[in-house]
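The chain contents come next:
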Amino acid sequence: MNAFEQFRKSFLCTIAAALCLAGLGNSTPLMAQSQDQDEEVQMGQEVFNELKAKGEIIESSPLYDQLKPIADAITRAAQPRYNHPFKFYLVHEQQPNAFATPGGNVYVVDSLLYFAKNTEELAGTLCHEVSHTIHHDTVTLMEKDQRLERREVGAAILLGPTRAHLLAILLLGKLHSLSYSRDVESRADITGSDVCAATGYNPWGLVWLFQDFDNAKMGQVPQLLSDHPGNQNRVDALKQHFSKNPAVFGKFNPDPKAASPLVVPKDAPEVFLH
Ligand SMILES: [Zn+2]
């Protein structure tokens, strides 16, 4: 057996194990619920291990001084809605980005701190990401992956890693291009704005971020929102949500001139987790 066949065989085993576990889960809903929760932690841990192995996770940096107060406030507001602890990590990548993985980890790319124009835009982005976790969007998206639906792999031998491991593999391949539908994105915006309002950070930050992206030159638009569909619809949905809930959102100023500047040290040193 050559290396390719070896890989193919082990991949098929992985998928077979996944299908088997998925089947078991469906027949026992109560068990499935706790199993799914554990699965989310496992998926998150595998992604963490991979990012750590690639030397991307920043262990310490003055940039955490900017991130921490926002992350702490979001954690206080969002934690009651998710049953694993939220943890925020800075990672080093070229494209400004933020992504949350199942299990509660939220990754903030260092360059996003330089791209965001103000504290509210950064907070809005992180509230949005945390909401994907609250809604279990990533797991749902991975489960819909075509490779899980392929019939022929079901016949493969029942050996190999767990369903969580397979989902983590799929997630790692798509970490930077998770293509949620417009509805899923909009739902994360709305929940995100509720979370942000609860923190006290102005939830208009997410609207301002969309507007900045629209005004940015092509090629400068970070992947973070460029592949998130229907920005104008999402802005409209947010505005509608704000006006329907004046008791929550009425106190926040829609004018970006009211924003708090995000002061980030230039070329901040970074120590990586090994
Ligand atoms: Zn999103």
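Residues numbered from 1 in each chain as written. Predicted model: local features only at pLDDT ≥ 70, side-chain atom pairs only at ≥ 80, totals over all residues. Heavy atoms only, no water.

Turning next to the sheet that holds strand β2 (residues 87-91). Whenever strands of a sheet pair, they do so through backbone hydrogen bonds, lying parallel or antiparallel. Strand order in this open sheet of five strands is β3-β4-β2-β1-β5, and the pairing throughout is mixed. One side of each edge strand has no neighbouring strand; the edge strands of this open sheet are β3 (98-100) and β5 (271-272). With three bridges joining them, β3 and strand β4 (residues 105-109) adopt antiparallel strand pairing. Bridge pairing in β4 places A100 opposite V106. Contacts from helix α3 (residues 63-78) reach β1 (57-60), β2 and β4, with the element oriented near 155° to β2. With respect to the sheet, helix α5 (residues 119-134) is in contact with β2, β3 and β4, its orientation differing from that of β3 by roughly 25°. (Pairing = 2+ DSSP bridges. Helix = DSSP H or I, 4+ residues; strand = E, 2+ residues; numbered from the N terminus. Contact = heavy atoms within 4.5 Å. Axes fitted to C-alpha atoms, helices over the stretch in contact; angles between N-to-C directions.)

The protein atoms that coordinate the zinc ion are H128 (NE2), H132 (NE2) and E185 (OE), at distances spanning 2.1 to 2.2 Å. Classification of E185 as buried rests on a relative accessible area of 0%. (Donors = N, O, S within 2.8 Å, 3.2 Å for Na, K, Ca; no water. Buried < 20%, exposed > 50% of the residue type's maximum accessible area, 1.4 Å probe, protein only.)

Attention now moves to the pairing of β4. Taking burial as the measure, the five residues of β4 include five buried ones, the bulk of the element. Burial of β4 is two-sided: the residues N105, Y107 and V109 facing one way and the residues V106 and V108 facing the other way are all buried. Here five bridges tie β2 to β4, and the two strands are oriented parallel to one another. Its bridge partner being in β4, F88 is matched across the sheet by V106.

Before going further, it helps to spend a moment on the packing of helix α9 (residues 182-199) against helix α12 (residues 231-244). In the contact formed by α9 and α12, the axes pass within 10 Å of each other and the chain directions differ by 35°. As for how α9 packs across α12, the hand of that crossing is right-handed. Taken together, the residues of α12 that come into contact with α9 (itself represented by R182, E185, S186, D189, I190, S193 and D194) are N233, R234, A237, L238, H241 and F242. In the contact of α9 with α12, the residues fall into four nonpolar, four polar and five charged. (Left-handed = near helix turned anticlockwise from the far one by under 90°. Nonpolar A, V, L, I, M, F, W, Y, C, P; charged D, E, K, R; others polar.)

Where two aromatic rings form a pair, the distance of their centres and the angle of their planes describe that pair. Applying the stated criterion across every chain, the model contains six aromatic pairs. With centroids separated by 5.8 Å and ring planes inclined at 25°, the aromatic side chains of Y89 and Y107 adopt a geometry described as stacked. In this pair, Y89 is assigned in strand β2 and Y107 in strand β4, connecting sequence segments 18 residues apart. Judged by relative accessible area, Y107 falls into the buried class, the value being 0%. Here a set of aromatic residues connected by ring pairs shows up, and it is made of F48, Y89, F99 and Y107. (Phe/Tyr/Trp six-rings, centres within 6.5 Å; stacked < 30°, edge-to-face > 60°.)

A separate point is the nonpolar core. Judged by nonpolar contacts, the single largest core of 54 residues is most densely connected at I74, F88, V108, L122 and L126. Among the elements that make up this core, the one with the highest residue count is α3 (eight residues). Non-local contacts of V108, meaning those with residues more than four positions away in its chain, are made with L67, F88, Y89, L90, V91, N97, A98, L113, L122 and L126. Counting residues in each nonpolar core, the second largest holds 14 residues, with W208, F213, F242 and F249 among its members. (Core = buried A, V, L, I, M, F, W, Y, C linked by side-chain atoms within 4.5 Å.)

All right, on to the pattern of salt bridges then. Counted under the stated rule, the structure contains six salt bridges. The partner of K54 in a salt bridge is E56, with the nearest N and O atoms 3.6 Å apart. Taken together, the shared-partner salt bridges in this structure form one network comprising E185, D189 and R234. (Salt bridge = Lys/Arg side-chain N within 4 Å of Asp/Glu carboxyl O.)

Right, let's get into the environment of I134. Within the fold, I134 resides in helix α5. Between the C-alpha atoms of I134 and P102, which are 32 residues apart in sequence, the distance is 8.8 Å.

This paragraph deals with α12. Taking 1.5 Å of rise per residue, the 14 residues of α12 would be expected to cover 20 Å, and the 20 Å separating its terminal C-alpha atoms lies within 8% of that figure. The complete set of buried residues in α12 reads N231, R234, V235, L238, H241 and F242. When α12 is viewed along its axis, its buried side chains cluster within an angular range of 125° and face the same direction. Of the exposed residues in α12, the ones pointing more than 90 degrees away from its buried face are S243 and K244. (Expected span 1.5 Å × (residues − 1). Arc of directions from axis to C-beta.)

On to unusual backbone geometry, then. Residue H136 is not a glycine yet carries a positive backbone phi of 60°. Along the chain, H136 falls in the loop between α5 and α6 (137-143). Taking relative accessible area as the criterion, H136 reaches 28% and is therefore assigned partly exposed.

For the pair α3 and α9, interaxial distance at closest approach is 8 Å and the crossing angle is 110°. Between α3 and α9, the angle is such that the two are roughly perpendicular. Crossing handedness for the pair α3 and α9: right-handed. Within the contact between the two elements, α3 uses A73, I74, A77 and A78 and α9 uses V195, A198 and T199. Its residues placed into classes, the contact of α3 with α9 shows six nonpolar, one polar and no charged. (Parallel < 35°, antiparallel > 145°, perpendicular 65-115°, else oblique.)

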